Amino acid sequence: MSDIKVSRVLFEFETIIKDHSFYLEELENMVSIPDFDVDKAERVIKRMRRLRRTLRGVSQ
(Lines give C-alpha, C1' and ligand atoms only; values in the text may rest on other atoms or scores of the structure.)
Protein backbone atom coordinates (compact mmCIF):
# COMPACT_ATOMS: atom_id res chain seq x y z
CA MET A 1 0.00 0.00 0.00
CA SER A 2 1.42 3.39 -0.96
CA ASP A 3 2.14 6.10 1.58
CA ILE A 4 -0.43 8.35 -0.08
CA LYS A 5 -3.16 5.75 0.24
CA VAL A 6 -2.26 5.07 3.88
CA SER A 7 -2.32 8.80 4.62
CA ARG A 8 -5.71 9.16 2.97
CA VAL A 9 -7.18 6.26 4.95
CA LEU A 10 -5.74 7.57 8.22
CA PHE A 11 -7.14 11.04 7.50
CA GLU A 12 -10.59 9.59 6.76
CA PHE A 13 -10.43 7.49 9.90
CA GLU A 14 -9.46 10.50 12.02
CA THR A 15 -12.30 12.56 10.52
CA ILE A 16 -14.82 9.80 11.24
CA ILE A 17 -13.61 9.47 14.84
CA LYS A 18 -13.86 13.24 15.39
CA ASP A 19 -17.37 13.34 13.92
CA HIS A 20 -18.45 10.37 16.01
CA SER A 21 -17.06 11.98 19.18
CA PHE A 22 -18.88 15.22 18.36
CA TYR A 23 -22.19 13.40 17.82
CA LEU A 24 -21.75 11.37 20.99
CA GLU A 25 -21.08 14.53 22.99
CA GLU A 26 -24.16 16.13 21.43
CA LEU A 27 -26.29 13.15 22.50
CA GLU A 28 -24.84 13.20 26.01
CA ASN A 29 -25.71 16.88 26.33
CA MET A 30 -29.22 16.30 25.02
CA VAL A 31 -30.08 13.51 27.45
CA SER A 32 -28.99 15.62 30.40
CA ILE A 33 -31.93 17.95 29.65
CA PRO A 34 -35.16 16.68 31.26
CA ASP A 35 -37.33 17.24 28.14
CA PHE A 36 -34.87 16.67 25.34
CA ASP A 37 -35.82 16.62 21.65
CA VAL A 38 -36.30 12.97 20.70
CA ASP A 39 -36.48 13.76 16.98
CA LYS A 40 -33.14 15.55 17.11
CA ALA A 41 -31.62 12.65 19.02
CA GLU A 42 -32.84 10.24 16.34
CA ARG A 43 -31.22 12.39 13.64
CA VAL A 44 -27.92 12.37 15.52
CA ILE A 45 -28.11 8.59 15.90
CA LYS A 46 -28.75 8.23 12.15
CA ARG A 47 -25.63 10.33 11.47
CA MET A 48 -23.63 8.10 13.79
CA ARG A 49 -24.89 5.01 11.98
CA ARG A 50 -23.84 6.53 8.64
CA LEU A 51 -20.40 7.13 10.11
CA ARG A 52 -20.23 3.51 11.23
CA ARG A 53 -21.06 2.34 7.70
CA THR A 54 -18.43 4.71 6.32
CA LEU A 55 -15.90 3.35 8.77
CA ARG A 56 -16.62 -0.17 7.63
CA GLY A 57 -15.99 0.93 4.03
CA VAL A 58 -12.70 2.63 4.89
CA SER A 59 -11.41 -0.37 6.81
CA GLN A 60 -11.92 -2.75 3.86
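The structure this text deals with has already been given above.
Here's what I pulled together on the structure shown here.

Each value, and the rule that gives it
Residues numbered from 1 in each chain as written. Predicted model: local features only at pLDDT ≥ 70, side-chain atom pairs only at ≥ 80, totals over all residues. Heavy atoms only, no water. Patch = residues over 30% accessible without salt bridge, like charges linked within 9 Å, V, L, I, M, F, W, Y side chains within 5 Å. Areas by Shrake-Rupley, 256 points an atom, 1.4 Å probe, with all protein chains shown as cover. Salt bridge = Lys/Arg side-chain N within 4 Å of Asp/Glu carboxyl O. Lys, Arg positive; Asp, Glu negative; His and termini not counted. Charge placed at Lys NZ, Arg CZ, Asp CG, Glu CD. Helix = DSSP H or I, 4+ residues; strand = E, 2+ residues; numbered from the N terminus. Buried < 20%, exposed > 50% of the residue type's maximum accessible area, 1.4 Å probe, protein only.

### A word on a positive patch on the surface
Here comes step 1: On the surface, a cluster of positive charge is made up of R43, K46, R49, R50, R52, R53 and R56.
Here comes step 2: Here R43 lies in helix α2 (residues 38-59).
Here comes step 3: Take R43: its relative accessible area is 44%, and that puts it in the partly exposed class.

### Thoughts on the pattern of salt bridges
Here comes step 1: Throughout the structure, instances matching the rule amount to four salt bridges.
Here comes step 2: Residues E14 and K18 are paired through a salt bridge, measuring 3.3 Å at the closest nitrogen-oxygen approach. With E14 and K18 both in helix α1 (residues 3-31) and four residues apart, the pair spans about one turn of that helix.
Here comes step 3: Take E14: its relative accessible area is 43%, and that puts it in the partly exposed class.
Here comes step 4: K18 gets classed as exposed once you look at its relative accessible area, which sits at 54%.
Here comes step 5: For the salt bridge of E26 with K40, the shortest nitrogen-to-oxygen distance reads 3.8 Å. Note that E26 is positioned in helix α1 and K40 in helix α2, a separation of 14 residues in sequence.
Here comes step 6: Connected via shared salt-bridge partners are E26, K40 and R47.

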